[in-house]
Amino acid sequence: GENVEQHPSTLSVQEGDSAVIKCTYSDSASNYFPWYKQELGKRPQLIIDIRSNVGEKKDQRIAVTLNKTAKHFSLHITETQPEDSAVYFCAAFPYNQGGKLIFGQGTELSVKP
Amino acid sequence: GAVVSQHPSWVICKSGTSVKIECRSLDFQATTMFWYRQFPKQSLMLMATSNEGSKATYEQGVEKDKFLINHASLTLSTLTVTSAHPEDSSFYICSADGGGYTFGSGTRLTVV
């Protein structure tokens, strides 16, 4: 089955700097890759996603890139703000596994003012 | 957008008792719902796939007799933690595909 690896597990940046979180996946059947932000005790919130027919997608300060050949995708946050502090999860959706979404281990991002 | 409602948001129960958690799709029908468990500072681990009108599919290592799942209608799935023990204390969260993966608000279960 699909396996998603996410790095780093923790990331600390200064306000205004950029943050990059990387994920790799194993199953070539995965064709959808969402990123979630989760604040303590709350549900994961979708912040951006990308499908396998696209190499890059941007939404204001957030961007995601996908390299299908290498089976990795990354989240880029520019001009970070303290309210960006949270745990971020990447995920992969293999189209042939009944709709399951497989999550990475998570990255705890801390943005210091 | 699609909304998934989950209740209760938190529950404390005594060891040995059972707890039922409900997950409802409010404005769409969900033939499939997913149940995840999340321990502190860990990722979301898929426990089972809930299928409307049929048996749930459990992930490897998840005890189906302990975590009973019922998906009797297109808008409701329930997870019952039977004979709960302190090690079952966790954050349980459901999700459904309403044109995108939508999560419930989660249930914080504490077994004392």
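For the structure, check the block above.
Let me sum up the structure you'll find in this document. (Residues numbered from 1 in each chain as written. Chains lettered and ligands numbered in written order. Predicted model: local features only at pLDDT ≥ 70, side-chain atom pairs only at ≥ 80, totals over all residues. Heavy atoms only, no water.)

This brings us to the sheet that holds strand E3 (residues 19-25) of chain B. Residue and element names in this part refer to chain B. Pairing is antiparallel across the open sheet formed by 4 strands, whose spatial order is E1-E3-E8-E7. The open sheet has two edge strands, strand E1 (4-7) and strand E7 (67-73), and neither has a second partner. Taking each pair of neighbouring strands and ignoring which way they run, the sheet shows an average axis angle of 15°. The pairing of E1 with E3 spans 4 bridges and is classified as antiparallel. Opposite His7, over in E3, you have Glu22 as the bridge partner. (Pairing = 2+ DSSP bridges. Helix = DSSP H or I, 4+ residues; strand = E, 2+ residues; numbered from the N terminus. Axes fitted to C-alpha atoms, helices over the stretch in contact; angles between N-to-C directions.)

A word on a nonpolar patch on the surface. A cluster of nonpolar residues, Trp10(B), Ile12(B) and Val112(B), forms a patch on the protein surface that exposes about 370 Å² of accessible area. Along the chain, Val112(B) turns up in the segment after strand E11 (107-111). (Patch = residues over 30% accessible without salt bridge, like charges linked within 9 Å, V, L, I, M, F, W, Y side chains within 5 Å. Areas by Shrake-Rupley, 256 points an atom, 1.4 Å probe, with all protein chains shown as cover. Salt bridge = Lys/Arg side-chain N within 4 Å of Asp/Glu carboxyl O.)

Moving on: the pattern of salt bridges. Summed over the entire model, instances satisfying the criterion amount to 7 salt bridges over all chains. Across the salt bridge formed by Lys57(A) and Asp49(A), the nearest N and O atoms sit 2.8 Å from each other. A residue is classified by how much of its surface remains accessible, and Lys57(A), at 37% relative accessible area, is partly exposed. The closest approach of N and O atoms between Lys41(B) and Glu108(A), which form a salt bridge, is 3.7 Å. (Buried < 20%, exposed > 50% of the residue type's maximum accessible area, 1.4 Å probe, protein only.)

That is the geometry; function is a separate question.
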